[in-house]
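Chain by chain, the residues run as shown.
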Amino acid sequence: MRRRAFITLLGGAAAAWPLAARAQQAGAMRRVGVLVNSVEADPAVQGRIAAFRQALERLGWLEGRNIQIELRFSAANYERLPQLAQEMVALNPDVIFASTTPAVKALQAKTRTIPIVFVYVSDPASAGVVASLARPGGNTTGLLLYEESITGKWLGMLKEISPRLTRAALVGNPKGFTYDYFARSSKTIAPALGIEVAPAPIENDAAAIEQRIETFARAPNGGLFVPPDITTDQHRDLIIALAARYRLPAVFAFRHFVTAGGLMSYGVEMLEQHRQAASYVDRILRGANPADLPVEAPTKYETVLNLKTAKALGFDVPPTLLVRADEVIE
């Protein structure tokens, strides 16, 4: 073997060693870090964490017996993520489960050896989280949240329930990485539906959110589309109330917006994504290398309608939309 080839091989083996070493700790108490870019007290967040824990239990990982789970929550404050990532890496867990692109990026800035499994990430390749969906490379893999094409579904639902709609406000926090992602796709898709997309960037400020939506609502024939975003998730009750106040049709990315009083949603089932993430964590704890685990795309979507909200807003739900609904709240 040539010297250069030998050095390259040696270097590659050294880089892979930390992952392999972790996989060889079978029988010992394993440690799983969980970094959630959200508010700990949010019932929706607690439900997702519970689903993740329960899935791990079904796979044989029992807290206090063979696994220890370390939880950290950012309270939806992006500025806290670097500190929390540093704390998490200092614990030297066997694997870290992370929610949202900013959380994953913060962790990757602190470690390229500890395996990371993600959810709530819509554009992992462009964001630099993975090399590609099929071959993630490095120490990170997980579950894709949404592809750009879903924007057409959201905008189409708005047009379907409000045929005179010509304007749609894209509500979200640009710090979350996905805002620009969905803004790009909406500019491509919206014209064919006769819709003009109006950017409505927000931050973690209730008064500013209220002002932003109030300003948009001054002109007629408008609606809201709210892609996945931690800030809108935290302020969902306010956004739902503002949509009701100004009689704006709104479409959301998650079911829990609709159960809270929002008009309609189309998206993945987040509890199921957290259960699937647990299976990835399980595989890594048993020796799998995250670089070899493809990013998994969602296969199940759900449409949820709130007929009570539709009636209060003065909208008739067309039969075509009603028949497609997986859940109807009356």
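1. Looking at the packing of aromatic side chains
Then, in step 1: Counted under the stated rule, the structure contains nine aromatic pairs.
Then, in step 2: Ring geometry for Phe-252 against Phe-257: centres 4.8 Å apart, planes inclined by 15°, an arrangement best described as stacked. Neither Phe-252 nor Phe-257 differs from the other in exposure class; each is buried.
Then, in step 3: By the ring-pair criterion, three or more aromatic residues cluster together here, those being Tyr-120, Tyr-146, Trp-154, Tyr-181, Phe-182, Phe-254, Tyr-266 and Tyr-301.
Then, in step 4: Above the face of the Phe-254 ring, Arg-48 is positioned so that its terminal group lies 5.6 Å from the ring centre.
Then, in step 5: The ring centre of Phe-216 lies 4.0 Å from the NZ or CZ of Arg-167, which sits over that ring.

2. Some words on the sheet that holds strand S2 (residues 67-73)
Paired through their backbone hydrogen bonds, the strands of a sheet run either parallel or antiparallel.
Then, in step 1: Pairing is parallel across the open sheet formed by five strands, whose spatial order is S2-S1-S3-S4-S5. Each of the sheet's edge strands pairs with one partner strand only, and the pair in question is S2 and strand S5 (140-144). The average angle at which neighbouring strand axes cross in this sheet is 20°, direction not considered.
Then, in step 2: Judged from the five bridges that link them, strand S1 (residues 30-36) and strand S3 (residues 95-99) form a sheet pairing that is parallel. When the sheet's bridge partners are listed, Gly-33 is paired in S3 with Ile-96.

3. Regarding the nonpolar core
Then, in step 1: If you look at the biggest cluster of nonpolar residues, it comprises 100 residues, and the most contacted ones within it are Val-32, Leu-107, Tyr-146, Trp-154, Leu-224, Phe-225 and Met-264.
Then, in step 2: Top contributing element to this core by residue count: helix H11 (residues 270-285), with seven residues.
Then, in step 3: Excluding anything up to four places from it in sequence, Phe-225 contacts Thr-151, Trp-154, Leu-155, Leu-158, Ala-168, Ala-169, Leu-170, Val-171, Ser-186, Val-197 and Val-251.

4. Concerning the sheet that holds strand S12 (residues 327-329)
Then, in step 1: Overall, mixed pairing links the seven strands, which are arranged S7-S6-S8-S9-S10-S11-S12 in an open sheet. In this open sheet, the two strands that pair with only one neighbour each are strand S7 (196-201) and S12. With strand direction ignored, the average angle separating the axes of adjacent strands in the sheet is 20°.
Then, in step 2: Sheet analysis places strand S9 (residues 250-252) next to strand S10 (residues 264-268), joined by two bridges and oriented parallel. By the bridge assignment for S10, Val-251 is matched with Met-264.
Then, in step 3: Set on the sheet, helix H6 (residues 178-189) makes contact with strand S6 (167-172), S7 and strand S8 (222-226); between it and S6 the angle comes to about 165°.
Then, in step 4: Of the strands in this sheet, S6, S7 and S8 touch helix H7 (residues 206-216), which is tilted by about 140° from S8.

5. Structural notes on H6
Then, in step 1: Helix length check: H6 (twelve residues) gives 17 Å between terminal C-alpha atoms against 16 Å at 1.5 Å per residue, within 8%.
Then, in step 2: Within H6 the residues assigned to the buried category are Thr-178, Tyr-179, Tyr-181, Phe-182, Ala-183, Ser-185 and Ser-186.
Then, in step 3: Each element contacted by the buried residues of H6 is listed here: helix H5 (150-161), S6, S7 and S8.

6. Examining the pattern of salt bridges
Then, in step 1: Evaluated as defined, the whole model comprises 16 salt bridges.
Then, in step 2: Note that Arg-53 is salt-bridged to Glu-63, the shortest N-O span being 2.7 Å. Note that Arg-53 is positioned in helix H2 (residues 43-58) and Glu-63 in the loop between H2 and S2, a separation of ten residues in sequence.
Then, in step 3: Residue Arg-53 is classed as partly exposed on the basis of its relative accessible area of 27%.
Then, in step 4: With a relative accessible area of 40%, Glu-63 lands in the partly exposed category.
Then, in step 5: One salt bridge connects Lys-175 with Glu-79, and the closest N-O pair in it is separated by 3.1 Å. Residue Lys-175 is located in the loop between S6 and H6, and its partner Glu-79 is located in the loop between S2 and helix H3 (81-90); the two are separated by 96 residues in the primary sequence.

Definitions and cut-offs
- Residues numbered from 1 in each chain as written.
- Predicted model: local features only at pLDDT ≥ 70, side-chain atom pairs only at ≥ 80, totals over all residues.
- Heavy atoms only, no water.
- Phe/Tyr/Trp six-rings, centres within 6.5 Å; stacked < 30°, edge-to-face > 60°.
- Buried < 20%, exposed > 50% of the residue type's maximum accessible area, 1.4 Å probe, protein only.
- Lys NZ or Arg CZ within 6 Å of the ring centre and 35° of its normal.
- Pairing = 2+ DSSP bridges.
- Helix = DSSP H or I, 4+ residues; strand = E, 2+ residues; numbered from the N terminus.
- Axes fitted to C-alpha atoms, helices over the stretch in contact; angles between N-to-C directions.
- Core = buried A, V, L, I, M, F, W, Y, C linked by side-chain atoms within 4.5 Å.
- Contact = heavy atoms within 4.5 Å.
- Expected span 1.5 Å × (residues − 1).
- Salt bridge = Lys/Arg side-chain N within 4 Å of Asp/Glu carboxyl O.

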